[in-house]
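# Topology and contacts: notes
Each chain, written out:
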Amino acid sequence: MKYIKSFAASMVLASAMLATSCDPSDFGDINETPNSPTKSFTYMMFKDAAMYTRNFIMTSSSFDPWPAEWSGYLSEAKNDQYGGLDATSTYSASTYYTRVIRGLNSIIEANNDPAQNTTTAVTAFGSNNNQIGVCMTLRSYFFMNITDILGPIVYTQAYQVYGDNPIWEPAYDTQKEVYAALDKDLCDAYAMMDEKGSLSSSHDIFFHGDVSKWKKLNASIRMMLAIKLADVAPAEGKARFAKAYADGAMTDAADSFTYTFTTNATSWFYSIGCKDAASQNVYFAPNKVLVDALKEYQDPRLFTYATVGVSRYAYLGSVAGATDEYDFNAYKGIPSGLSGNSTVGRAKVGACSTAPKYCEPQATYGLITAARTLLCEAEAATLGWIDPSKASELYEAGIKASFDFEAKSDGAWGGKFKAADYIAAHPLPQDKDAALKEIAMQRFLAGFLTDGIQAWADWRRCNVPTMPIYDKPASLGHYTYPNRLAFGSSDYSTNGDNLEVALKDLSNGVDDPWSRVWWDVADNECPVIKWTE
């Protein structure tokens, strides 16, 4: 691949520059500058890689948050650039290979190298095994999301570009192979992490040095991988899930894997949600699918996801007399995919806008929440992969964890709504198929602007909720939201032969957004509805 070649070339060039700079006439360290360290600290590389996790919350391009659009959470409130479903069609993972995953691999290599692993540049981040385990876990998180976007990816040969026989055009692994390799890597990483060992609290931006939480994240990722095998490889899925469940995943909202934006990188929604009320710089708002579902369930999480658009943004419209923030009827979502001439129709919607907490410059977003893992456990119990008698208990715990994550537990929301009352009103059905659908629905209701790619994966796999498409042009020929993204042109120009072989792993062998990845066998055709202004 071009990006792998470029990285290798840059490394060779850097080595050559270092070699030619070693002149015997140099006077010790006089030519060194304290502001350009000659050694890379592993914690610096970790922080650099960790920053890229935010791209899976919505997208690396804030003005096209396709994972949140295609899973029923956001719609365009002002324009219609992406509602046609074909505006975003290709995806490049090159930066993840050349910078993120390569950086994590470098940390692993440094901790395995006796010549480096006792130096301050390495040990400042923590004990060797914990660094290796943490980086393998985070690396697997990246690979899981990349393969769930594309399907087959370069994995096994991705970094075999060194030595006497470098592989310049690496083969692609099937998604089935990638999933098996990730499960093995994660099991190995779990075994390496030791709560008695060290991990820097100041440099671990996720769990602040708490290794027990890294182990819970590790098991949670394994469960999220395994549950997606339910329709294609249930025996492997059951075995992998049971092991991860026994190891112990996230069970409390405080365990959740989150990302907090910094002053150097403000939150996506600060730019596209409510950056400047005076200029009405709001491009996306809660989707009608989400808002209608929350209203149908009388779900108070609506009041933490959205705020009533009374007069805040004029073009969103307003609801007469909507002064009670706890009035379900005051909230209306934006239909997704209205045609370009439907601006007036949007204004008449009288829509709500996204809650201010998501619009803060330094907002905190969920990457993987305890609610998701507990509801995955509820699904596994319903399938008989783990103790079936625990299905209702896990289902209720997942809902409670979602309420807690929103910091709206018992007695909140003006004293009008309690988690226990909500759970009592929505018990897990006894029928297996109905239970699986309800569990998927609760994952959807809990996932607003969290879990990113995995929330989109949920819809592709479970077809929950129903996602209508408004004013979709018949000429497009597709009547569903995308199932994946296609590879970019650079993948074809630099490694086209291997890519053509890899595409056979897709449902119809065609590299387009409506092919399906290995685990996606659900029928996701969407009802097409004509919007009447």
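Notes on the structure follow. (Residues numbered from 1 in each chain as written. Predicted model: local features only at pLDDT ≥ 70, side-chain atom pairs only at ≥ 80, totals over all residues. Heavy atoms only, no water.)

Here the focus is the overall build of the protein chain. For the protein chain, the helix and strand inventory stands at 19 helices and 12 strands. Out of the 533 residues in the protein chain, the part that is buried amounts to 56%. Long-range contacts, defined as pairs at least 24 residues apart, comprise 77% of the intrachain contacts of the protein chain with a sequence gap of at least 6. Here the protein chain displays about 21,400 Å² of accessible surface, and carbon together with sulfur accounts for 51% of that area. (Helix = DSSP H or I, 4+ residues; strand = E, 2+ residues; numbered from the N terminus. Buried < 20%, exposed > 50% of the residue type's maximum accessible area, 1.4 Å probe, protein only. Contact = heavy atoms within 4.5 Å. Areas by Shrake-Rupley, 256 points an atom, 1.4 Å probe, with all protein chains shown as cover.)

Among the nonpolar cores identified, the biggest contains 146 residues, and Phe-46, Tyr-96, Phe-206 and Phe-257 are the most heavily contacted of them. Take this core: its biggest share by element is 12 residues, from helix α6 (residues 128-150). Aside from chain neighbours lying at most four places away, what touches Phe-206 is Phe-46, Ala-50, Thr-53, Leu-138, Trp-214, Phe-257, Thr-258, Tyr-259 and Leu-367. (Core = buried A, V, L, I, M, F, W, Y, C linked by side-chain atoms within 4.5 Å.)

We now examine the packing of helix α4 (residues 94-112) against α6. Close contact between α4 and α6 brings their axes to 9 Å; oriented N to C, the two are set at 160°. It follows that α4 is roughly antiparallel to α6 by the angle criterion. Crossing geometry of α4 relative to α6 is assigned as left-handed. Residue-level contacts link Tyr-96, Tyr-97, Val-100, Ile-101, Leu-104, Asn-105, Ile-107, Ile-108, Asn-111 and Asn-112 of α4 to Asn-128, Gln-131, Ile-132, Cys-135, Met-136, Leu-138, Arg-139, Phe-142, Phe-143 and Ile-146 of α6. Among the residues making up the contact of α4 with α6, the classes are represented as 14 nonpolar, 5 polar and 1 charged. (Axes fitted to C-alpha atoms, helices over the stretch in contact; angles between N-to-C directions. Parallel < 35°, antiparallel > 145°, perpendicular 65-115°, else oblique. Left-handed = near helix turned anticlockwise from the far one by under 90°. Nonpolar A, V, L, I, M, F, W, Y, C, P; charged D, E, K, R; others polar.)

Moving on, we get to the packing of aromatic side chains. Working definition: an aromatic ring pair is given by the centre-to-centre distance plus the angle between the planes. This structure, assessed with the given rule, holds 40 aromatic pairs. Where Tyr-141 meets Phe-142, the ring centres are 6.0 Å apart and the plane angle is 70°; that geometry is what we call edge-to-face. Using a relative accessible area of 2% as the deciding quantity, one classes Tyr-141 as buried. With a centroid separation of 5.3 Å and 85° between ring planes, the pair formed by Phe-207 and Trp-214 is classed as edge-to-face. Judged by its relative accessible area of 6%, Phe-207 is buried. (Phe/Tyr/Trp six-rings, centres within 6.5 Å; stacked < 30°, edge-to-face > 60°.)

Another aspect to go through is the environment of Glu-377. Relative to the assigned elements, Glu-377 resides in helix α14 (residues 370-383). Here the alpha-carbon distance between Glu-377 and Lys-390, two residues 13 residues apart in the chain, equals 8.9 Å. Those residues within four positions of Glu-377 in sequence are excluded, and the remaining contacts are Met-223, Phe-241, Tyr-245, Ala-249, Ile-386 and Leu-394.

Take the pattern of salt bridges next. Counted by the stated rule, this structure contains 19 salt bridges. Glu-109 is the salt-bridge partner of Arg-102, the closest N and O atoms lying 3.2 Å from each other. Relative accessible area serves as the criterion here: at 9%, Arg-102 is assigned to the buried category. On the basis of relative accessibility, which here comes to 41%, the residue Glu-109 falls in the partly exposed class. Between Asp-292 and Lys-288 there is a salt bridge, with its nearest N and O atoms 3.0 Å apart. Here Asp-292 and its partner Lys-288 are both found in helix α11 (residues 288-296), 4 residues apart, which amounts to about one turn of the helix. (Salt bridge = Lys/Arg side-chain N within 4 Å of Asp/Glu carboxyl O.)

Turning our eyes to something else, we now look at the pairing of strand β9 (residues 364-368). By the criterion of burial, β9 is predominantly enclosed, with 4 of the 5 residues buried. As defined by bridge partners, strand β5 (residues 257-260) adjoins β9 across 4 bridges and the pair is classed as antiparallel. Its bridge partner lying in β9, Phe-257 is registered against Ile-368. (Pairing = 2+ DSSP bridges.)

Another point: α11. Taken residue by residue, α11 has Val-289, Leu-290, Val-291, Ala-293 and Leu-294 as its buried positions. Contacts made by the buried residues of α11 are with β6 (284-286), α12 (302-305) and α17 (432-446). Of the residues one or two after α11, Gln-298 is the one with positive phi, at around 50°.

As a further point, take the environment of Cys-187. Note that Cys-187 resides in helix α7 (residues 175-192). Here Cys-187 is in contact with Arg-222 and Lys-243, once residues within four sequence places are set aside.

Contact geometry for α6 and α7: axes closest at 8 Å, N-to-C directions at 160°. With respect to α7, the element α6 is oriented roughly antiparallel. Crossing geometry of α6 relative to α7 is assigned as left-handed. Mapping the contact onto sequence places Asn-129, Asn-130, Ile-132, Gly-133, Met-136, Thr-137, Arg-139, Ser-140, Phe-143, Met-144, Thr-147 and Asp-148 in α6 and Gln-175, Val-178, Tyr-179, Leu-182, Asp-185, Leu-186, Asp-188, Ala-189 and Met-192 in α7. Class assignment of the residues belonging to the contact of α6 with α7 gives a composition of 10 nonpolar, 7 polar and 4 charged.

This paragraph deals with the side chain of Thr-147. Here Thr-147 lies in helix α6. If near-sequence neighbours (up to four positions away) are discounted, Thr-147 is found in contact with Ile-153, Gln-175, Val-178, Tyr-179 and Val-517.

Helix length check: helix α8 (residues 211-227) (17 residues) gives 25 Å between terminal C-alpha atoms against 24 Å at 1.5 Å per residue, within 8%. Summarising burial for α8: 14 of the 17 residues are buried, a large majority. (Expected span 1.5 Å × (residues − 1).)

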